[in-house]
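These are the residues of each chain, in order.
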Amino acid sequence: MDLVATITANWNYLIVILLMMGGLFIVISQNNMVKKLVGLAIFQTSVFLFYITVGKVAGGTAPILMSYGKAAYSNPLPHVLILTAIVVGVATTALGLALVLRIHAAFGSIEDDEVLAMKADAGMPRSKRSRSSDPDGSDPDGGDPA
Amino acid sequence: MRDNPVLRTAAKILFAPIIVFGLYVQFHGDYSPGGGFQAGVIIAAAFILHGLIFGLEAGRRLVPEWLNLAMLAAGVLIYGGVGVAGMALDGLYLDYNVLLPDPSAGQHVGIILVEFGVGLTVTSVMLALFHAFAGFSEDRFADKPEDTAGGGSQ
Amino acid sequence: MTVFVTNMLLLLFLVFLLVLVIRTRRLFAVVVLAGAYSLVSAAMFVNLDAVDVAFTEAAVGAGISTVLFLATMAYLPGREKVLPSSGRFGNNMSAAIICVIAGALLVAAAVELPAVGDPNAPAHLHVAPRYLEESYSFLHIPNVVTTVLASYRGFDTLGETIVVFTAGLGVLVLLSGYTRTRRTRNETLSRGEGDDA
């Protein structure tokens, strides 16, 4: 049947989609913030795998030109886009981890439901709309360096 | 880890070859897999190794904070500067064809300069990230208006 | 045949690592498993002819990312708090339903894509032949990924460099106390030394 033929030709994509959904499951369902960030990293890496699989040319080689031999090269364009995406991914992870450290310093916990419960107990709104402009109070002179 | 002779000797011996390998990856990126990002991470790994084994203060003496921030900005400015140089020489922004009389040599120079800028930025960012995370102390940020909620003593 | 077996083995190993990450409670083990996942993905990238991407993924994903996670773990509790099983089940079930629906939609789209490795897929016929040809005849630079990254798609790389720069700035502001003035910053930094010892 035609569907069976396409599935056997595209089985790479199916396993990678399974990995993507696993990463998404970790992000949505786990309460621990570090585990959420790990799930996000797994999700991103699986998306990269999907993208690079699109660029593969059967019988080709890495897109580094050689003066002899093969004339078929894999598509270099997905590689470039994924290089950018990898670096952006690590930037996101670094910022996420910095936020987790500050959340732990402020609340003493990195479990999502506990932090939300603490915020509700302290009467804080779920968003920061009503915060004053100087929450620390650590600026005695009003911020003027002169 | 400073007292362990194996780690200390290994870090001292490995430091220079890692940087040389990083520079090789940076400038050989036109002919083999490599380029700015990979080289930046490798060179930062050498400094991170030094900081791990000999302590954060020794690491900070090697690369002071002002130098780290200056390299961070310099990398982005080099990249942007190549673009502006293209405009100053009657081309478009980031046009490498006009940088030298021969267009393909101009492309070559443009690519090398741009990758160098990228490598510089990535090195300084990774090093700054390491020092920010490793030198973090919860006591600095612990007092918030809602003082009832913990203070990092978990 | 060997290519098929290698692909299958690497992908199944990735699925196995994913299941381990979901089930592990100790955060240190989770972080190390994430580094292993990145490293096996780098091997998979080499299998798919993406050598530059494999290099970057191994260096950045398995290297820097793991270092940052471990540096964070020094300040955090080492185990995940486990909810009572009734709360966890409801949580997991709704997440699983969302993932199954999203996965089904993606699968329905993925079977319509051209076969993996088809040289006549539209993705390989648009600008890629021009990049490969011009890197040889005009630029004389063998690494086509570098030429596309730095020359043909130079604006994307400029944006990416600025993203890395911004991430560094953001982390410095969050963790190193770069508040409004140098005086308040010195106060913040000195607060962490030697008080409540």
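Residues numbered from 1 in each chain as written. Chains lettered and ligands numbered in written order. Predicted model: local features only at pLDDT ≥ 70, side-chain atom pairs only at ≥ 80, totals over all residues.

*Asks:* If you had to explain the overall build of chain C to someone new, which residues and values would you point to?
*Replies:* For chain C, the count of helices and strands is eight helices and zero strands. Overall, chain C shows an N-to-C arrangement of helices and strands of α-α-α-α-α-α-α-α. Relative to the globule expectation of 16 Å for 197 residues, the C-alpha radius of gyration of chain C, 23 Å, shows a markedly less compact shape. Projected onto the principal axes, the alpha-carbon positions of chain C cover approximately 70 × 50 × 30 Å. Of all 197 residues assigned to chain C, the portion counted as buried reaches 36%. The long-range fraction of contacts in chain C, counting pairs at least 24 apart against all pairs at least 6 apart in sequence, stands at 40%. (Helix = DSSP H or I, 4+ residues; strand = E, 2+ residues; numbered from the N terminus. Rg over C-alpha atoms; globule rule 2.2 N^0.38 Å. Buried ≥ 20, exposed ≤ 12 C-beta atoms within 10 Å, placed from the backbone. Contact = placed C-beta atoms within 7 Å.)

*Asks:* Can you explain the confidence of the model for chain B? Please cite residues and give values.
*Replies:* Confidence along chain B averages 88 in pLDDT terms, with 91% of residues attaining 70 or more. Across residues 144-154 of chain B, where pLDDT falls below 50, the model places 25 contacts with residues more than four positions away in sequence or in other chains. (pLDDT = per-residue confidence, 0-100.)

*Asks:* Break down the interface of chain C and chain A for me, with residues and values.
*Replies:* Every contact between the two is made by 84 residues of chain C and, on the other side, 72 residues of chain A. Taken together, the elements giving at least two residues each to the side of chain C that touches chain A come down to α1 (2-23), α2 (27-47), α3 (51-73), α4 (85-110), α5 (128-139), α6 (144-152), α7 (154-175) and α8 (182-191) of chain C. Sorting elements by how many residues they give to the side of chain C that touches chain A places α3 of chain C first, with twelve residues. When its residues are assigned to classes, the side of chain C that touches chain A shows 54 nonpolar, 18 polar and twelve charged. (Nonpolar A, V, L, I, M, F, W, Y, C, P; charged D, E, K, R; others polar.)

*Asks:* Just give me the short version of the environment of P5 of chain B, but keep the residues and values in it.
*Replies:* By the secondary structure assignment, P5 of chain B is in helix α1 (residues 5-27). Linking P5 of chain B and S32 of chain B, residues 27 residues apart in sequence, is a C-alpha distance of 37 Å.

*Asks:* Help me get a handle on the interface of chain C and chain B, residues and values and all.
*Replies:* Taken together, the contact pairs 46 residues of chain C with 44 residues of chain B. For the side of chain C that touches chain B, the leading source of residues is α7 of chain C, giving 13 residues. Here the residues of the side of chain C that touches chain B are counted per class, giving 26 nonpolar, 16 polar and four charged.

*Asks:* Mind laying out unusual backbone geometry, listing which residues take part and the relevant values?
*Replies:* A positive phi is found at D90 of chain B, a non-glycine position, where the angle reads about 75°. Relative to the helices and strands, D90 of chain B is located in the loop between α4 (65-88) and α5 (103-134). What makes D90 of chain B exposed here is the crowd of 8 C-beta atoms within 10 Å. We note that D49 of chain C has phi near 70°; this positive angle belongs to a residue other than glycine.

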